[in-house]
Amino acid sequence: MPYARITGTGGYLPPRIVTNDDLAADLATRGVETSDAWITERTGIRQRHIADPGAKTSDLATAAARAALENAGLQADDLDLIIVATSTPDFIFPSTACLVQANLGVGGAAAFDVQAVCSGFVYALATADAMIRAGRVRHALVIGAEVFSGILDWNDRRTCVLFGDGAGAMVLSASDEPGILAVRLNADGRQQHILCAAGNVSGGQVTGDPFLRMDGQAVFKLAVNSLVRSAHEVCDEAGIALSSLDWMVPHQANVRILNFISRKLDLPEDKVIVTLDKHANTSAASVPLAFDVAWRDGRLRPGQLALLQGVGGGFTWGSVLVRL
Ligand code: UT7
């Protein structure tokens with residue numbers, strides 16, 4: 001049975017950087033009070049990239065896809081599969097994956113979206129892995145892309161300071177050499193209310209509340225507990241000790257969550273890739289963006305063991321253990 005190996009990565013961030021001070025000044029004009037000190041101390045976030053009005057998730061996804069294809073040394077028509085993980089698709093349909101395929105100027109490969117919010121990239125990676133291992137796909141493009149700024153309530157300081165826009169992509173290719181070693185995906189739909197954007201389109205109208213709402217403390221606790229458990233489960237499945245991990249590439253939501261997890265797993269903090277200070281929480285894009293940064297700066301190297309983890313709305317969570 002072939003393995004799925006990561007053969008290329010890419011990322012794209014909109015050029016406009018909004019620092020905490022910029023955001024605090026902007027929110028103050030709406031009568032919403034926040035500060036760089038609060039955001040930095042409670043989350044570790046210092047800035048985020050925000051897409052210009054009108055920028056679409058497919059645009060960001062296509063830029064990341066091109067970078068990943070170039071990094072893998074492949075052409076778009078080498079792909080058998082394109083999956084986009086997103087909660088902020090351009091349209092109800094067609095899928096953002098089909099729009100990216102068109103932007104890349106090709107047709108024929110399977111293309112679809114995965115909706116698992118901030119766990120979306122890990123879910124998409126697991127799906128591509130299964131299709132490669134089944135021998136049905138040789139090269140897959142897996143993308144996490146979001147324009148989350150479009151679903152934020154800029155009058156709600158408990159949520160709007162936390163998120164940013166961006167896209168990350170990976171090429172997975174069939175190989176005889178080990179790549180993805182084990183996968184663990186979970187959800188608990190009974191916790192849907194703690195993180196949701198419960199709007200809908202019906203009869204040509206938006207119904208319900210289309211903005212992101214979150215019970216921050218409930219998400220915090222569930223994120224720590226589920227990711228710690230998932231890390232143990234995926235390592236057990238692969239027969240690998242947690243202590244042999246070289247890197248953890250987690251969903252980037254809050255540096256305090258990451259510190260809790262590394263402490264509970266007895267994993268040194270310098271083995272955890274952190275980009276949320278610069279990117280904030282980019283939902284499905286955060287894991288591939290963090291991976292791309294660390295791959296390109298030489299921290300992640302061939303032969304190492306990395307644990308990728310996502311967690312978010314649904315409630316969903318998951319782990320992918322990979323030999324680089
Ligand atoms: O992608 C997955 C999803 N998201 C997450 O993983 C997020 C998980 N949760 C968290 O990261 C944290 O719970 C938050 C960062 C969202 C909040 O931190 P917290 O330490 O749990 O703060 P809190 O909600 O308990 O709020 C503490 C205080 C409150 O004021 P009072 O009631 O004590 O007077 C809030 O109103 O901080 C206030 N507050 C703010 N103050 C300034 C909340 N947001 C802000 C803000 N600026 N932006």
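The following refers to the structure shown. (Residues numbered from 1 in each chain as written. Predicted model: local features only at pLDDT ≥ 70, side-chain atom pairs only at ≥ 80, totals over all residues. Heavy atoms only, no water.)

Regarding helix α1 (residues 20-28)
This is how it is decided: Only protein chains enter the calculation, and the probe is 1.4 Å; a residue is then buried if its accessible area is under 20% of its type maximum, exposed if over 50%, and partly exposed in between. Per the convention used, a helix needs a DSSP run of H or I reaching at least four residues, while a strand needs a run of E reaching at least two, with both numbered from the N terminus. The arc in question is traced by the directions running from the helix axis to the C-beta atoms. Residues count as neighbours in contact if any of their non-hydrogen atoms are within 4.5 Å of one another.
Those residues of α1 that sit buried are Asn20, Leu23, Ala24 and Leu27. End-on view of α1: buried residues confined to an arc of 100°, all on one side of the axis. In this structure, the buried side of α1 is in contact with β2 (17-19), α2 (36-43), β3 (47-49) and α6 (157-160).

Some points on the site of the ligand
Selection rule: Distances are taken per atom, and a residue is near a molecule or strand as soon as one of its heavy atoms is within 4 Å of it. As used in this structure description, the phrase polar contact means that two N or O atoms lie within 3.5 Å; if the pair is within protein, one of them must be able to donate a hydrogen and the other to accept it, and residues adjacent in sequence are counted only when both atoms belong to side chains. Only the protein chains shown count as cover for residues, and all accessible areas are computed by the Shrake-Rupley method using a 1.4 Å probe.
Within the structure, the ligand sits among 23 residues, and Thr34, Arg42, Gln217, Asn254 and Asn281 are positioned closest to it. Note that an oxygen atom of the ligand is positioned 3.2 Å from one of the side-chain N or O atoms of Trp38. In this structure, Arg256 approaches the ligand through a side-chain N or O atom, which is 3.1 Å from an oxygen atom. Contact with the protein chains hides 74% of the accessible area of the ligand, taken as 960 Å² for the molecule alone. Counting residues per element, the ones that place at least two in the shell around the ligand are α2, α6, α7 (216-238) and α8 (255-264).

Observations regarding the sheet that holds strand β15 (residues 316-323)
Quick note on the threshold: When DSSP finds at least two bridges between two strands, those strands are taken to pair. What counts as an axis is a line fitted to C-alpha atoms, over the stretch in contact for a helix, and the angles between N-to-C directions run from 0 to 180 degrees.
Pairing is mixed across the open sheet formed by 4 strands, whose spatial order is β8-β15-β14-β13. Single-partner strands in this sheet number two, and they are β8 (180-187) and β13 (247-250). Looking at each pair of strands side by side, their axes are set apart by 10° on average, direction ignored. Pairing analysis gives 4 bridges linking β13 to strand β14 (residues 305-312), with the strands arranged parallel. Within the sheet, the bridge partner assigned to Trp247 lies in β14 and is Ala306. Contacting β8, β14 and β15, helix α5 (residues 120-133) crosses the sheet at an angle of about 130° to β8. Contacts from helix α10 (residues 286-296) reach β13 and β14 within the one sheet, and its direction differs from that of β13 by about 140°.

Describing the pattern of salt bridges
Condition: A side-chain nitrogen of Lys or Arg and a carboxyl oxygen of Asp or Glu constitute a salt bridge if their distance falls within 4 Å.
Per the counting criterion, the structure on display carries 11 salt bridges. A salt bridge links Arg158 to Asp156, with the shortest nitrogen-to-oxygen separation between them at 3.3 Å. By relative accessible area, which is 61% here, Arg158 ends up exposed. A salt bridge links Asp297 to Arg299; its shortest N-O distance comes to 2.8 Å. Exposure remark for Arg299: the relative accessible area of 30% places this residue in the partly exposed category.

A short note on the sheet that holds strand β5 (residues 110-114)
One open sheet holds the 5 strands; their spatial order is β1-β7-β6-β4-β5, and the pairing between them is mixed. Either end of the sheet is taken by a strand with one partner, and the two such strands are β1 (3-12) and β5. Averaged over neighbouring strand pairs, the angle between their axes works out to 20° when direction is ignored. Pairing of strand β6 (residues 139-146) with strand β7 (residues 166-175), which is carried by 8 bridges, proceeds in the antiparallel orientation. Residue pairing for β7: Ile143 is matched across the bridge by Ala169. Sheet strands in contact with α10 are β1, β6 and β7, and its direction is about 90° off that of β1.

Points about the pairing of strand β10 (residues 199-202)
Strand direction decides the pairing type here: β10 and strand β11 (residues 205-208), joined by 4 bridges, are antiparallel. Looking across to β11, one finds that Ser202 is bridged to Gln205. Counting the residues that bridge the hairpin from β10 to β11 gives 2 residues, and of these Gly203 lies at a positive phi of roughly 60°.

Brief notes about the packing of helix α3 (residues 57-72) against helix α4 (residues 96-103)
Note the following rule: For classification purposes, angles smaller than 35 degrees are called roughly parallel, those larger than 145 roughly antiparallel, those between 65 and 115 roughly perpendicular, and all remaining angles oblique. Each crossing gets its hand from how the near helix is turned against the far one by less than a right angle, where anticlockwise is left-handed and clockwise is right-handed. Note on residue classes: Ala, Val, Leu, Ile, Met, Phe, Trp, Tyr, Cys and Pro are nonpolar, Asp, Glu, Lys and Arg are charged, and everything else, Gly too, is polar.
The geometry of α3 relative to α4 is characterised by a closest axis approach of 9 Å and an angle of 55° between their N-to-C directions. The angle between α3 and α4 places the two elements in the oblique class. Note that α3 runs across α4; the crossing there is right-handed. For the pair formed by α3 and α4, the contact residues are Thr57, Ser58, Ala61, Thr62, Ala65 and Arg66 on the first element and Thr96, Leu99, Val100 and Asn103 on the second. For the contact of α3 with α4, the residue count by class is 4 nonpolar, 5 polar and 1 charged.

Observations concerning the pairing of β5
Quick note on the threshold: With its strands directed away from the observer, a crossover is right-handed exactly when the path from the first strand over the helix to the second travels clockwise.
Relative to β5, strand β4 (residues 81-85) runs parallel, the two being bridged by 5 bridges. Note that in β5 the partner of Ile83 across the bridge is Phe112. Crossover handedness for the path β4 to α4 to β5: right-handed.

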